[in-house]
Amino acid sequence: MPLFEGLGSGGEKTAVVIDLGAAYTKCGFAGETGPRFIIPSEIQKPGQKQSIKVVQYNINTEELYANLKEFIHTLYFRHLLVNPRDRRVVVIESILCPSHFRETLTKVFFKQFEVPSVLFAPSHLMSIMTLGINSGLVMDCGYTETLVLPVYECIPILSAWEALPLGGKAIHREMDGLLVEQCTVDTDSSTSQSLPTVIGSVPEEVVEDIKVRTCFVSDLERGMKIQEANFNLEGTAERPTPPPDVDYPLDGEKILHIKGPIRDSVMEMLFEQDNEEKSIATLMLDSLVKCPIDTRKVLSENLVVIGGTAMLPGFLHRLLAEIRLLVEKPKYCDALATKSFRLHSPPAKPNCTAWLGGAIFGALQDILGSRSVSRDHYNQTGRIPDWCCLSSPLPESVYDAGKTPPPLMKRAFSTEK
């Protein structure tokens, strides 16, 4: 940590900011320009070859508690190297995060690591904080899902959220199938062997590396031709000229030949409309239609895209082109009064934008103090309130009769004893 840390902050140490994603966790300190570490959100159990994902919503609470405890311990004592009792915690969360996961995570922080306070901050709200704007239509295109949430005057419009299970995980699954079906492997002894006969299945981290190194999103005209060829069962539609094949070394002895058409066609699943005419581009427009009519112009001119999947080459250009094409259709042309759409460029890579917003918020210690939930408050009530009710006192039914409600957290610079 820097030597001057704490000199200008009234002696209080900077908060720890953790963005616990389904695929990767970003962790670091408030007030810094980027996370110190980006690590996979998984733990390795002794005796098990397969690593275990930390962010799981369908397992029992005891198992989830044990997994989170081990993972947070790794964060503090292998990566951040700080005492958890000295620093507040800002956790960046999705608005779709189930209550039992939040409560289990809070219990780990307070009971196991005894942190002074915890603040759960919505990722969509934090991402517009990096831009210094009050309103924006935020799309988080992550590992498990794509989630759109409008934020107007710093208040999330929760009734207008839209989501689809399209993200990195869906792309990996589709790509794995295409690699097994179409690609061949060269070894020292033979050439052009089918992939399953040589290595069986491809590990997900290898599929992800192939996606990041070789895949891209086509422009609108080319993408439409690829979709037409995919859906044309007679085979009469002409497929555009594919990109060059790529040789990908699996290890020192094997080379995987990746067919050119796989490199761009696998990304079309994000923009293909399903049976309900939904794609990631329609999510933004459907969300806008749900918003009050006087907010739509401001929101459409402040589009923000975050999440690791949004880092694919050509993604933002194609998304904007899709939106401008769809808005001319009768379904949206009549409902939306606006046709101007503009994308913001946040001061961080899309996968770290929400973390940076949390780091900015965590550096505002006076505000952080009044918004956080202290350990004393948690020990008395045994629960963590939602972001939306942090500014007002909790209902009296939470406390025992006759007891005065505990403060959420004293302000960092307040004169109260």
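In case you missed it, the structure is sitting above this.
As the structure is a computational prediction, the values presented were derived from the model and not from experiment.

### With respect to the packing of aromatic side chains
Working step 1: This model, assessed by the stated rule, comprises five aromatic pairs.
Working step 2: Consider the rings of Tyr76 and Phe113, whose centres lie 5.7 Å apart with planes at 40°: the pair is tilted. With Tyr76 in helix H1 (residues 61-80) and Phe113 in the loop between helix H2 (99-112) and strand E7 (117-122), this pair connects stretches of sequence that are 37 residues apart. Take Tyr76 and Phe113: they sit in the same class, and that class is buried.
Working step 3: For the ring pair Phe271 and Phe315, a centre distance of 5.9 Å and an interplane angle of 50° mean the geometry is tilted. One end of the pair, Phe271, is in the loop between helix H8 (260-265) and helix H9 (280-290); the other, Phe315, is in helix H11 (residues 315-326), with 44 residues separating them in the sequence.
Working step 4: Owing to a relative accessible area of 2%, Phe271 belongs among the buried residues under this scheme.
Working step 5: Classification of Phe315 by relative accessible area gives buried; the value is 0%.
Working step 6: Pairwise contacts between aromatic rings join Tyr76, Phe77 and Phe113 into one cluster.
Working step 7: Its guanidinium or amino end placed over the ring of Phe120, Arg102 lies 4.8 Å from that ring's centre, counting from NZ or CZ.

### Regarding the sheet that holds strand E15 (residues 255-258)
Working step 1: Reading across from one edge, E13-E12-E15-E14 is the order of the four strands in this open sheet, with antiparallel pairing throughout. Single-partner strands in this sheet number two, and they are strand E13 (193-194) and strand E14 (246-249).
Working step 2: By the bridge criterion, three bridges tie strand E12 (residues 184-186) to E15 in an arrangement that is antiparallel. When the sheet's bridge partners are listed, Asp186 is paired in E15 with Ile255.
Working step 3: Seen against the sheet, helix H6 (residues 204-214) touches E14 and E15 and runs at an angle of roughly 140° to E14.

### Brief notes about the pattern of salt bridges
Working step 1: A full pass over the atoms with the stated rule returns 16 salt bridges.
Working step 2: Close ionic contact of Arg36 with Glu32 constitutes a salt bridge, the shortest N to O distance being 2.8 Å.
Working step 3: We classify Arg36 as partly exposed; its relative accessible area is 37%.
Working step 4: The shortest N-O distance in the salt bridge between Lys339 and Glu328 comes to 3.5 Å. Highlighted residues: Lys339 in the loop between helix H12 (330-333) and helix H13 (353-363) and Glu328 in the loop between H11 and H12, separated in sequence by eleven residues.
Working step 5: The network of salt bridges with common partners includes Glu162, Lys278, Asp286 and Lys290.

### Quick look at the nonpolar core
One recurring pattern in soluble globular proteins is that nonpolar side chains are buried together.
Working step 1: By size, the foremost hydrophobic cluster in this structure holds 53 residues, and its most contacted members are Leu179, Leu256, Phe315 and Leu319.
Working step 2: Mapped by element, the contributors of at least two residues to this core are strand E8 (136-141), helix H4 (168-182), H6, E14, E15, H9, strand E16 (303-306) and H11.
Working step 3: Broken down by element, this core gets its largest block of residues, six residues, from H9.
Working step 4: Residue contacts for Phe315: discarding those within four places in its chain leaves Cys141, Val217, Leu270, Phe271, Ile280, Val305, Thr309 and Ala310.

### Topic: the packing of H1 against H2
Working step 1: Packing of H1 against H2 brings their axes to within 9 Å, and their N-to-C directions diverge by 50°. The orientation of H1 with respect to H2, classified from their angle, is oblique. When the axes of H1 and H2 are compared, the crossing they make is right-handed. Along the contact surface, H1 presents Thr61, Leu64, Tyr65, Leu68, Lys69, Ile72 and Tyr76, while H2 presents His100, Phe101, Thr104, Leu105, Lys107, Val108, Phe109, Lys111 and Gln112.
Working step 2: Class assignment for the residues of the contact of H1 with H2 results in nine nonpolar, four polar and three charged.

The rules behind the values
- Numbering of residues starts from 1 in each chain and follows the order in which that chain's sequence is written.
- A pLDDT threshold of at least 70 governs which residues receive local features in this predicted model, and a stricter bar of 80 or more applies before side-chain atom pairs are shown or counted, although totals over entire chains, interfaces and linings include all residues.
- Hydrogens and waters are ignored; side-chain quantities use all the structure's heavy atoms.
- Working definition: rings of Phe, Tyr and Trp (its six-membered ring) pair if their centres are within 6.5 Å, and the pair is stacked with planes under 30 degrees apart, edge-to-face with planes over 60 apart, and tilted otherwise.
- Helical segments are the DSSP runs of H or I of at least four residues, strand segments are the runs of E of at least two, and each set is numbered from the N terminus.
- Buried means the residue's accessible area, taken with a 1.4 Å probe over protein chains only, is under 20% of the maximum for its type, while exposed means over 50%, and partly exposed covers the values in between.
- Charge-over-ring contacts are defined here by two conditions on Lys NZ or Arg CZ: a distance within 6 Å of the ring centre and an angle within 35 degrees of the ring normal.
- At least two bridges found by DSSP between two strands is the condition for calling them paired.
- Whether two residues touch is decided by their heavy atoms; if any such pair falls within 4.5 Å, the residues are in contact.
- An axis is simply a line fitted to the C-alpha atoms; with a helix, the fit covers only the stretch in contact. Between two such axes, the angle follows the N-to-C directions and lies from 0 to 180 degrees.
- Criterion for a salt bridge: a side-chain nitrogen of Lys or Arg within 4 Å of a carboxyl oxygen of Asp or Glu.
- For this analysis, a nonpolar core means a set of buried residues of the types Ala, Val, Leu, Ile, Met, Phe, Trp, Tyr and Cys, connected via side-chain atoms within 4.5 Å.
- Roughly parallel means an angle under 35 degrees; roughly antiparallel means over 145; roughly perpendicular covers 65 to 115; every other angle is labelled oblique.
- In this scheme the crossing of two helices becomes right-handed for a clockwise turn of the near helix relative to the far one and left-handed for an anticlockwise turn of less than a right angle.
- Residues are grouped as follows: Ala, Val, Leu, Ile, Met, Phe, Trp, Tyr, Cys and Pro are nonpolar; Asp, Glu, Lys and Arg are charged; every other residue, Gly included, is polar.

Spatial relationships are all this shows, so hold off on functional conclusions.
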